[in-house]
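Here is how the chains run, residue by residue.
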Amino acid sequence: MLDLSSLADRMSAQRHEEYQDDRPAVDQHLEELSLQPRPLDLAAVRAQLRAKTGKQYWRTLEELSGDPSFQELLHREFPRQAPSEWDDSVDRRDFLKLMAASLALAGLSGCERLPEQHIVPYVKQPDGLVLGKPQFYATAMPFLADAIGLLVESHEGRPTKIEGNPDHPGSLGATNVYAQASILNLYDPDRAQTATRAGEIRTWSQFVEAAQGVAATLKATRGEGLRILSGIITSPTLTAQIETLLSLYPLAKWHHWEPAVGDGAREGAKLAFGAYVNTVYRPGKADVILSLDSDFLASGPGHIRYAREFYERRKLNGPGATMNRLYIVEPTPSVTGASADHRLPLRASEVEPFARAVAEKLGLGGSAKVPPAAEKWLAVVARDLEKHKGASLVVAGEQQPAEVHALAHAINAELGNVGATLYYTDPVEAHSVNHLESLRELCADIDANKVDTLLILGGNPVYTAPHDFDFVSKLKFDQQRKRKKIQTVIHVSSHFDETSEYCDWHVAESHYLESWGDARAFDGTVSVVQPLIAPLYRTHSAREAVGAFTDKPGLSDYDALRERLKATSPSGDFEKFWRKTLNDGVVAGSALPPSKPALKFSLASLPAPKALSEDLLEFIFRADPCVHDGRFANNGWLQELPKPVTKLTWDNAALVSPRTAEKLGLTQRVALRGGEHGQILSNVVDIALSGSKVTAAAWILPGQADGVVVLPLGYGRKRAGYTGTNKGFNAYAVRHSDALWAAAAPASAIQKTGDNYPLACTQYHFNMEGRQILAAGTLEEYRKNPAFAHDDEEFQKKKKDELTLYKEEENPYDKMQYRWAMAIDLNSCNGCNACVVACQSENNIAVVGKEQVMRGREMHWIRIDRYYGNVKANVGDPRAQDESLDNPETFFQPVPCQQCENAPCEEVCPVGATVHSAEGLNDMVYNRCIGTRYCSNNCPYKVRRFNFLRFQDWETPQFKLLRNPEVTVRSRGVMEKCTYCIQRITNVRIEAEKKNTAIPDGAIVTACEQACPTEAIVFGNANDPASRVSQLRAQKRNYTILGELNTRPRTTYLAAVRNPNPELEKA
Amino acid sequence: MGFAVLAVLQAARSPYMTRQNITREQPVQFSHKHHVGDDGIDCRYCHTSVEISAVAGIPPTKTCMNCHSVLFSNAGYLDPVRESYRTDTSIEWVKVHRLADFVYFNHSIHVNKGVGCTTCHGPIDQMPLVFQASTLLMQWCVDCHRNPAPNLRSMDKVFAMDWKPGADQEELGEKFMKERKIRTAAELTSCSTCHR
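Everything numeric in this text was worked out from a predicted model, so none of it was measured.

**So, the overall build of chain B**
Regarding its fold elements, chain B presents 11 helices and 1 strand. Counted from the first residue to the last, chain B has its helices and strands arranged as α-α-α-α-α-α-β-α-α-α-α-α. C-alpha atoms of chain B, sized along the principal axes, occupy 55 × 50 × 35 Å. Counting only residues that meet the buried cut, chain B has 43% of its 196 residues in that class. The long-range fraction of contacts in chain B, counting pairs at least 24 apart against all pairs at least 6 apart in sequence, stands at 68%.

Set out below in structure tokens:
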């Protein structure tokens, strides 16, 4: 059992101690097997006894009751050491027969000749397509109130890899996890492939016919019964189409519901300026940033660019360099919070009083009561903000209420930041409305029988609407009135999901990689969506579905886009403009101009904030960092992606802080372990909230504010496809419209059920066991001693012959033309995971599933280790008695294969499957590997991944389109690891050799490097003194992990440096 | 036991396994002997991407129709070609030179450094139907990678069908190695050169 108080004592007394599981072994075994301990069935026992005749001997009641888990225990002599993978129903004789036969055949199996294969060329090869060379097309991924500009790599007419578009202002060449993983959504075999009506397949023309029929009746009533429900739409073309529809049917209404984006930002702008306004930040220009529960570096519109700008100010290029400073108050650890120089855990409802107190300190009037812990903290923050007028920034989180946003606007105005570190524009989203009210109005209209046609564009309202709205009843048959509430409901979505079940028509929606369209980015830039492939199935876009109700149902997306661009483009040669726009991916000059809304807000006008009593728990809802609001639930890459801070996969959990867990009696325990990974058995709790109930596994998260329970959205889906169904718990089930983001309830609302649930966590353990794997320090430390990361001075001084038995005259790599190396800046890595998914996409890495992740067999070639570091004082706070558990500093460290020059893995391979290339890279030759796994055993960094089973899916035809043809697809029994994207190195080298030139710096970009929003990973030639990687390696804060083992890794790290405010430092 | 091992190893190198010198049946009896030997068409007319890309490319049906829409436009054995063009269905050629999926061979670098087509593919201009002239075993590739000089030609002879190394090949080879900055044997035999 995790004994928190003694653990806290041990941690503060001794820095490095490993958590030991020291219960008796028997208990552990039993618990592992009977994970859901069944109550003993005495009736069965009695039945058995009655049935038996003669003398019977039995030792336990379980044996008699026929409890299957007990039977299993009896079968396995070593349940912990050797759990069987396969059905162990083969008996000994059969086993020996099989072995003998396979031994006899084994010799012959190696001699199979390659089966006949066909080459199938084109009939008419498309212009410009060179077989074997990929093409890149600019497009964009519309995502909520943003568009992520992309360059998509296409092999022989099918998209295989997504990259950022360097010419796009929002992505600057980088991507996030959703963009990288979206390609798997394109090839998702569970996608809806055709339109259906009441479950039966229909053609598109049949849908159009039906739509035209509905349109005819609507014309008579001027569209009185027509309603459209959509999420956030930024596409000018789609907006124009909907507006055309609305002008045809003036009495129709357009409603919005976006479950994971709050109304706070919109309503906050309205409160502050009297109108809806979009805010664009320029974090690069800010010296001091205060985040009020805003995860602006990892989510929200523009976060890729914001991350780039922000971390640009933290790249220390020398002792004289300066850093910006980030303060954050948040209820639960986020990616942005992990990078903060100062972090204050506050409950979500305490953020508003905090903001008011800051405003008061800055002279804006008003007053507020804050917890004593926050008093000194906010005084220092306010002073720091004031010192940097015009170069500071206050950002409010999307889930915070309007008041907090208005306060942020007021504070920014007071500090003179407007026009410098942020600016305002007209809203990027079309048709800004309060989403909650919009959905409420729609539900009211449906109940009042005012709606007879409902068109749902995307989204999944049955799953995501607040439970008190009971949206599903709106789509069902009304028993009282003996008719359906809504005559015709049409759902346009990519999957046949929870909502589609109750709709008359389901129109299969095209993926953005198969469609023409446009979308506005966070600053208003119109980004063009260009298809990479013709629709795989009989799918159509939302715009076409809307168009089916108008006078021009046959208008294609391509024509609609061109029409709109023609109307809004500069005069002159349209074709030239069209081609340039498609090439760039953006419409030049379409960013929204800055506007200057006048602040109409005064603190005095705000009602007093409702204080949440200390003995009530606060349940907050957050979009999940992997599946977001649930739309990516069926995406295997995102399901298996370890969440940045919790490192959980395949599940969500109710997150609680250690102290709150103690109060509630919640514990967790490590069960099976595969190194640091494993299966964590967590208490299952029943949560009764707002009149509804849900059962969830709990998870203890250091750094979370006390008295807060986080319920991540997006899981517990009932109809998401093969991968996403029935994973985790459904937080939407307890989400009430009155408390959409934070709900208060007494501690009794959360009750232990007594069960345990296994959670797959890839990093439970967060200690470095005394080794300097991650080096971190403060800016002051760095300035005093830039080489603070080299605590291995002893090692550095040792002569080479003291370190190794091998005679080495000189390092052969010193004189080579190319010496590939990688430098990872820990000051820039914020743990966003984009590199992990990018690598998975580029290198055909398989998804292994929850069972295997629990055994530590996830296949990610690059992993992000999350470390909790030294304590930062939470000054004077009686609550924060032990900061190491309550508010630790968090660091992320991406660990790919270190490509050691002196690789320990190479020396132990019995068959020479992993050898050193002439350029110093550690090559992995899959065809030679026989699977001894000695290399992985010897690797001190544990970066080698073994295919214990055939994790790849050979059968599903769509995945054959997905895979990158440049990289071998591995089968069972071979070891794999990061190769520094050898396929990219080779391709660039071949091109350079053909021209007889040297490879310029930056020509080779590894997949992880390309995806990283903050440019934390830099790859290049270490023997070229002018290359970026050489310059980074020359920096004093450059160090190697476990360098003292003399592995001489090519991957080096730049130590993390935080910039704490000396006024807040512990004395 | 040792004999058995040797037998298996030899069997693995036999033409049965490597398909060397075995003429392959194709859906259309395309004769390189006629087109290249008699008509003198350059390799690159059809195999267009050999100098730029990893794959040389089998030509699309349109390339055949460039000539055969007017020449032999009624010939019987061109029926499948016309059919393909008419119905927009690709011709499914049998792959003669098949390497394992974990081998990544790049044509363009070889051709650009002076390795001629016939060096690996044999006397194509004398083949009425293509057969694999070399074993394509890794040993065969590595032999050249360890010492490319004997196989390098002057750039104007790369696509010539009749090239044979002359008496001065050793000298010429060394010269080409230097001029074209061909990498050392150690670099060329690194596993990652071909295996990814």
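Text resumes after the structure shown.
**Structural notes on the packing of aromatic side chains**
For the structure shown, the criterion picks out 25 aromatic pairs over all chains. Aromatic side chains Tyr818 of chain A and Trp820 of chain A sit 5.1 Å apart centroid to centroid with 5 degrees between the ring planes, which places their arrangement in the stacked category. Neither Tyr818 of chain A nor Trp820 of chain A differs from the other in exposure class; each is buried. We note Lys124 of chain A situated over the ring of Tyr85 of chain B; from NZ or CZ to the ring centre the distance is 4.8 Å. Here Arg44 of chain B stacks its cationic end above the ring of Phe159 of chain B, 3.6 Å away from the centre of that ring.

**Details of the environment of His916 of chain A**
Residues and elements named next belong to chain A. Looking at where His916 falls in the secondary structure, it is placed in strand 35 (residues 914-916). As a C-alpha pair, His916 and Pro236 span 680 residues in sequence and 54 Å in three-dimensional space. The residues contacting His916, other than those within four sequence positions of it, are Tyr813, Cys900, Glu901, Glu906, Leu921, Asn922 and Asp923. At 3.3 Å, the side chain of His916 and the side chain of Tyr813 are in polar contact.

**Description of the sheet that holds strand 4 (residues 158-164) of chain A**
All names here are of chain A. What the 3 strands build is an open sheet, ordered 2-3-4; its pairing is antiparallel. Strand pairing shows two members of the sheet lacking a second neighbour, strand 2 (135-143) and strand 4, which therefore form its edges. Adjacent strand axes in the sheet meet at a mean angle of 40 degrees when their direction is disregarded. Across 6 bridges, strand 3 (residues 146-155) lies against strand 4 in antiparallel orientation. Within strand 4, the residue paired with Val152 across the bridge is Ile162.

**Observations regarding the packing of helix 20 (residues 557-568) of chain A against helix 21 (residues 574-584) of chain A**
All names here are of chain A. Put simply, helix 20 and helix 21 touch, their axes get as near as 11 Å, and they point 115 degrees apart. With respect to helix 21, the axis of helix 20 lies roughly perpendicular. Pair helix 20 / helix 21 crosses with right-handed handedness. Together, Tyr558, Leu561, Arg562, Leu565 and Lys566 of helix 20 and Phe574, Glu575, Phe577 and Trp578 of helix 21 make up the contact between the two elements. Of the residues contributing to the contact of helix 20 with helix 21, the split by class is 6 nonpolar, no polar and 3 charged.

**Notes on the nonpolar core**
Residues and elements named next belong to chain A. If you look at the biggest cluster of nonpolar residues, it comprises 187 residues, and the most contacted ones within it are Met141, Leu290, Leu292, Phe354, Trp699, Trp820 and Tyr1039. The leading source of residues in this core is helix 7 (residues 177-186), at 7 residues. In terms of nonpolar packing, the next biggest core, distinct from the first, is built from 29 residues, Val208, Tyr249, Ala430 and Val507 among them.

**Considering the interface of chain B and chain A**
Counting residues at the interface gives 48 residues for chain B and 42 residues for chain A. Summed over both partners, the interface of chain B with chain A comes to about 4200 Å²; 56% of that surface belongs to carbon and sulfur atoms. Linking Glu116 of chain A and Arg24 of chain B is a salt bridge whose minimum nitrogen-to-oxygen distance equals 3.4 Å. On the surface where chain B and chain A come into contact, there are 28 residue pairs in polar contact (both at pLDDT 80 or more). For the side of chain B that touches chain A, the secondary-structure elements that each account for two or more residues are helix 2 (15-18), helix 5 (61-68), helix 6 (79-87), strand 1 (93-94), helix 7 (107-112) and helix 11 (185-188) of chain B. It is helix 7 of chain B that contributes the most residues to the side of chain B that touches chain A, 3 residues altogether. For the side of chain B that touches chain A, a count of residues per class yields 19 nonpolar, 13 polar and 16 charged. Inspection of the sheet shows strand 1 (residues 118-119) of chain A paired to strand 1 of chain B by 2 bridges, in the antiparallel sense. The residue bridging His118 of chain A from the neighbouring strand is Val94 of chain B, located in strand 1 of chain B.

Analysis parameters
Counting of residues starts from 1 at the beginning of each chain's written sequence and follows it residue by residue. Ligands are numbered from 1 and chains lettered from A, in the order in which they are written. With pLDDT at 70 or above as the cut-off, local features in this predicted model cover only qualifying residues; side-chain atom pairs require 80 or more to be listed or tallied, and sums for whole chains, interfaces and linings still use all residues. For side-chain calculations, the full set of non-hydrogen atoms in the structure is used, while hydrogens and water are omitted. Elements are defined by DSSP. Helices are runs of H or I of four residues or more, strands are runs of E of two residues or more, and each kind is numbered from the N terminus. Between buried and exposed lies partly exposed: a residue is buried under 20% and exposed over 50% of the maximum accessible area for its type, with that area taken using a 1.4 Å probe on protein chains only. Contact criterion: two residues are considered in contact whenever any of their non-hydrogen atoms come within 4.5 Å of each other. Only Phe, Tyr and Trp rings are paired, with Trp represented by its six-membered ring, and only when their centres lie within 6.5 Å; those with planes under 30 degrees apart are stacked, over 60 edge-to-face, the remainder tilted. The criterion for a charge sitting over a ring is simple: Lys NZ or Arg CZ within 6 Å of the ring centre, and within 35 degrees of the ring normal. In protein, a polar contact requires one atom able to donate a hydrogen and another able to accept it; more generally it is a pair of N or O atoms within 3.5 Å, and residues adjacent in sequence count only if both atoms are side-chain atoms. Any two strands between which DSSP finds at least two bridges are classified as paired. Structural elements are reduced to axes, namely lines fitted to C-alpha atoms, with helices fitted over the stretch in contact, and the angle between N-to-C directions of any two is expressed from 0 to 180 degrees. Every angle not falling under 35 degrees, over 145, or within 65 to 115 is termed oblique; those three ranges are roughly parallel, roughly antiparallel and roughly perpendicular. Handedness of a crossing is defined here by the sense of rotation of the near helix relative to the far one, left-handed for an anticlockwise turn of less than a right angle and right-handed for a clockwise turn. When residues are grouped by polarity, Ala, Val, Leu, Ile, Met, Phe, Trp, Tyr, Cys and Pro land in nonpolar, Asp, Glu, Lys and Arg in charged, and all others, Gly among them, in polar. We call a set of buried residues a nonpolar core when its members are Ala, Val, Leu, Ile, Met, Phe, Trp, Tyr or Cys and they connect through side-chain atoms within 4.5 Å of each other. By definition, the buried area sums, over both parts, the 1.4 Å-probe accessible area that each loses when the two are put together. The working definition used for a salt bridge is a side-chain nitrogen of Lys or Arg within 4 Å of a carboxyl oxygen of Asp or Glu.

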